[in-house]
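# Examination of the molecular architecture
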Amino acid sequence: MKNLDIAKFGGTSVANFEAMLSSYKVVVSNPNTRVVIISACSGVTNILVELASGACSRDKVSELIEKLRSIHTSIIEKLDNQEDLKTNLETHLKEIYDLTQEANMGRSDALTDRIVSHGELISTYLFAALFNKMGTKAHWFDIRNIMRTDSSFGCALPLVEVLKAQCKEKLEPLLDEDCIIISQGFIGANSEGQTTTLGRGGSDYSAALLGEALKASTISIWTDVPGVYTTDPRLVPHAKPISELTYLEAAEMATFGAKILHPSTLVPAVRRGIPVYVGSSREPEKGGTWVRPFTESHPAFRAVALRKNQTLIVLASPKMVGASGFLANVFSVFAKYKKSVDLVSTSEVSIAVTLDTGTSTSGKNSISESMLDELRAFCHVKVETGLSLVAIIGNEMSEHAGITTQAFDSINRYAVRMICYGASNHNLCFLLKEEDAVEALIEIHHHLLED
Ligand code: ADP
Ligand code: ASP
Ligand code: MG
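Heads up: these notes are all about the structure in this document. These numbers come from a predicted model, not from an experiment.

For ligand 1, the set of nearby residues contains 17 residues, the closest of which are Thr 223, Asp 224, Asp 232, Arg 234 and Lys 259. Between an oxygen atom of ligand 1 and a side-chain N or O atom of Asp 224, the distance comes to 2.9 Å. Burial of ligand 1 by the protein chains amounts to 90% of its free accessible area of 570 Å². Within the shell around ligand 1, the residues separate by chemical class into seven nonpolar, five polar and five charged.

This is how it looks when you write it as structure tokens:
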């Protein structure tokens, strides 16, 4: 289809009836928007993750299920065919309850994915009902029919070629019909049909993957802020909106903690060169950010991002002096445990790394004891927690004198545990104590990004 737009709405954009109505208006205002991907209603995934933890008492389970009932019933009460919708909701709640009992006997990532998937299954069902109430034909589509992933439950990897083939066969024909397709972000299924998830915040990634598979001309991410800002506007209320960003800048921001985009979102968009728009579903008239291959401006300092909960691993080997193979051994252990390394710094006898803590749905990001034991077999291992990463994102940083001086000056009041600079021309990262990080980010923003 020519000029197809895939629109994704996050949890706050479908949090209640009023939010859903604003999102509905955004969809119908763009005739190119034919596929809509949505998240669970705000707060619902957190409740489901708690239920899936296997650690909830009987009273807690009842309390959480009641919360789920209340969030969704308040939407149903403003829709048509309320009895049908309530029956459907109760079926989901019953299954969530049964699965929670299973989790209490022994939790697993596979079970967690089955439990949390109900958030998106319910929200899409209600959103489709809203379209029908408003007189716009909508087709509810179970994304698990096409979003094939591997079996890494909690952080599954999409199988892009299978997705493309499934999309062609099962989703594309629906585009010929006069209706809006409404489907779930975040969830998928492996080749055995078991439900998987793409990790927390994964709906952005789902939308981008579908954009690629359907050869969309735009991907729109509708959220609770009017675009990408120079930093999280919750941390710095006078952060400035950015009207356009390159893929590279946006990807660096997402990787280093700007929650507005899931870190993998830009990957499918880049593969097909699809522009990504980020805007507010509540205030679409405020405009937003276009993320594209190239932009007119490319300032040295574009934005600053914060990533909490960083773990630093310092590996020291007295044999490293003049020895070869130490780094290869260290990295082969990380590869074996499928850990990707974020930051690296080396000295003569040691190497310090932070590992990608990922966005696993269960929230259990393990640096396993067995991995540490394997490392201990050939070096001394020290693990440090309670750290945050503050990343300055910009352009051609190494090509201008004084850039690093400005950056260092802006945080001269804080102890810096690690610095990374040079691998990319687009970022300069500081690892700081958790308790200093927000203040340091505010200082950096003040010095480098405010007039
Ligand atoms: P959604 O539920 O729509 O996916 P998220 O909560 O995942 O929304 O992402 C939107 C939030 O991202 C904003 O409310 C904001 O607090 C946060 N955020 C972090 N960094 C940025 C940034 N640089 N620009 C805008 N928002 C940001
Ligand atoms: N509902 C999921 C979450 O809260 C996915 C998403 O919102 O993108 O993480
Ligand atoms: Mg999000």
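There is more to say after this.
So, about the pairing of strand 15 (residues 416–421). Pairing of strand 15 with strand 16 (residues 427–433) involves five bridges; the strand directions are antiparallel. The residue of strand 16 that forms the bridge with Ile 419 is Phe 430.

Attention shifts here to a nonpolar patch on the surface. Judged by side-chain polarity, Phe 408, Val 416, Ile 419 and Tyr 421 come together as a nonpolar surface patch covering roughly 310 Å² of accessible area. Ranked by the residues each element gives to the nonpolar patch, the list is headed by strand 15, at three residues. Mapped onto the elements, Val 416 comes out in strand 15.

A separate point is the sheet that holds strand 13 (residues 350–355). A sheet is described by the order of its strands in space; here six strands give the open sequence 12-13-11-14-16-15, paired in antiparallel fashion. In the strand order of this sheet, the two ends are held by strand 12 (341–346) and strand 15, each with one partner. Averaged over neighbouring strand pairs, the angle between their axes works out to 30° when direction is ignored. Where helix 10 (residues 326–336) meets the sheet, its contacts fall on strand 11 (303–316), strand 12 and strand 13, and the angle it forms with strand 13 comes to roughly 20°.

For the structure shown, the criterion picks out 25 salt bridges. In this structure, Glu 212 engages Arg 271 in a salt bridge whose closest nitrogen and oxygen atoms are separated by 2.7 Å. Of this pair, Glu 212 sits in helix 7 (residues 203–213) while Arg 271 sits in helix 9 (residues 266–272), and the two are 59 residues apart along the sequence. The class of Arg 271 is partly exposed, set by a relative accessible area of 45%. Residue Asp 224 is joined to Arg 234 by a salt bridge in which the shortest nitrogen-to-oxygen separation is 3.0 Å. Highlighted residues: Asp 224 in the loop between strand 7 (218–223) and strand 8 (244–246) and Arg 234 in the loop between strand 7 and strand 8, separated in sequence by ten residues. A network of salt bridges, in which partner residues are shared, links Glu 50, Lys 60 and Glu 63.

Judged by nonpolar contacts, the single largest core of 107 residues is most densely connected at Phe 9, Leu 51, Phe 127, Leu 171 and Leu 210. The biggest single contributor to this core is helix 5 (residues 109–133), with eleven residues. Apart from residues no more than four positions distant in its own chain, Leu 51 is found in contact with Cys 56, Val 61, Leu 64, Ile 65, Leu 68, Ile 96, Thr 100 and Ala 103. In this structure, Leu 432, Ala 437, Leu 448 and Leu 449 belong to the second largest nonpolar core, which totals 24 residues.

Our next topic: the pairing of strand 14 (residues 380–393). When strand 11 meets strand 14, the two strands line up antiparallel, connected through eleven bridges. Considered in strand 14, the bridge of Leu 315 is made with Val 381. Summarising the sheet, strand 14 and strand 16 pair through seven bridges and their orientation is antiparallel. Note that in strand 16 the partner of Leu 387 across the bridge is Lys 433.

This part is about the layout of surface pockets. By volume, the second largest pocket amounts to about 170 Å³. Forming the boundary of the second largest pocket are Thr 246, Tyr 247, Leu 248, Pro 293, Phe 294, Thr 295, His 298, Asn 395, Glu 396 and His 426. Residues that form the lining of the second largest pocket fall into these classes: four nonpolar, five polar and one charged.

In helix packing, the relevant descriptors are the interaxial angle and the interaxial distance, both defined with respect to the helix axes. It is at 8 Å that the axes of helix 2 (residues 44–52) and helix 4 (residues 82–105) come closest, and there the two elements cross at 40°. As judged from the angle between their axes, helix 2 and helix 4 are oblique. Here helix 2 contributes Leu 48, Leu 51 and Ala 52 to the contact with helix 4, which in turn contributes Ile 96, Thr 100 and Ala 103. Here the residues of the contact of helix 2 with helix 4 are counted per class, giving five nonpolar, one polar and no charged.

Here we come to the site of ligand 2. Neighbouring ligand 2 are the residues Ser 39, Ala 40, Thr 45, Glu 120, Phe 186, Arg 200, Gly 201, Gly 202 and Ser 203. Note that an oxygen atom of ligand 2 is positioned 2.8 Å from one of the backbone N or O atoms of Gly 201. Here an oxygen atom of ligand 2 sits 3.0 Å away from a polar atom, N or O, in the main chain of Ser 203. Contact with the protein chains hides 86% of the accessible area of ligand 2, taken as 260 Å² for the molecule alone. A per-class count over the shell around ligand 2 returns two nonpolar, five polar and two charged.

Analysis parameters
Residues numbered from 1 in each chain as written. Chains lettered and ligands numbered in written order. Predicted model: local features only at pLDDT ≥ 70, side-chain atom pairs only at ≥ 80, totals over all residues. Heavy atoms only, no water. Near = heavy atom within 4 Å. Polar contact = N/O pair within 3.5 Å; in protein donor to acceptor, adjacent residues only side chain to side chain. Areas by Shrake-Rupley, 256 points an atom, 1.4 Å probe, with all protein chains shown as cover. Nonpolar A, V, L, I, M, F, W, Y, C, P; charged D, E, K, R; others polar. Pairing = 2+ DSSP bridges. Helix = DSSP H or I, 4+ residues; strand = E, 2+ residues; numbered from the N terminus. Patch = residues over 30% accessible without salt bridge, like charges linked within 9 Å, V, L, I, M, F, W, Y side chains within 5 Å. Salt bridge = Lys/Arg side-chain N within 4 Å of Asp/Glu carboxyl O. Axes fitted to C-alpha atoms, helices over the stretch in contact; angles between N-to-C directions. Contact = heavy atoms within 4.5 Å. Buried < 20%, exposed > 50% of the residue type's maximum accessible area, 1.4 Å probe, protein only. Core = buried A, V, L, I, M, F, W, Y, C linked by side-chain atoms within 4.5 Å. 1 Å grid on protein atoms, 1.4 Å probe; cavity = no way out; pocket = protein on both sides within 12 Å on 5 of 7 lines; lining within 4 Å. Points joined across faces, edges and corners; volume = space filled by probe spheres on them. Parallel < 35°, antiparallel > 145°, perpendicular 65-115°, else oblique.

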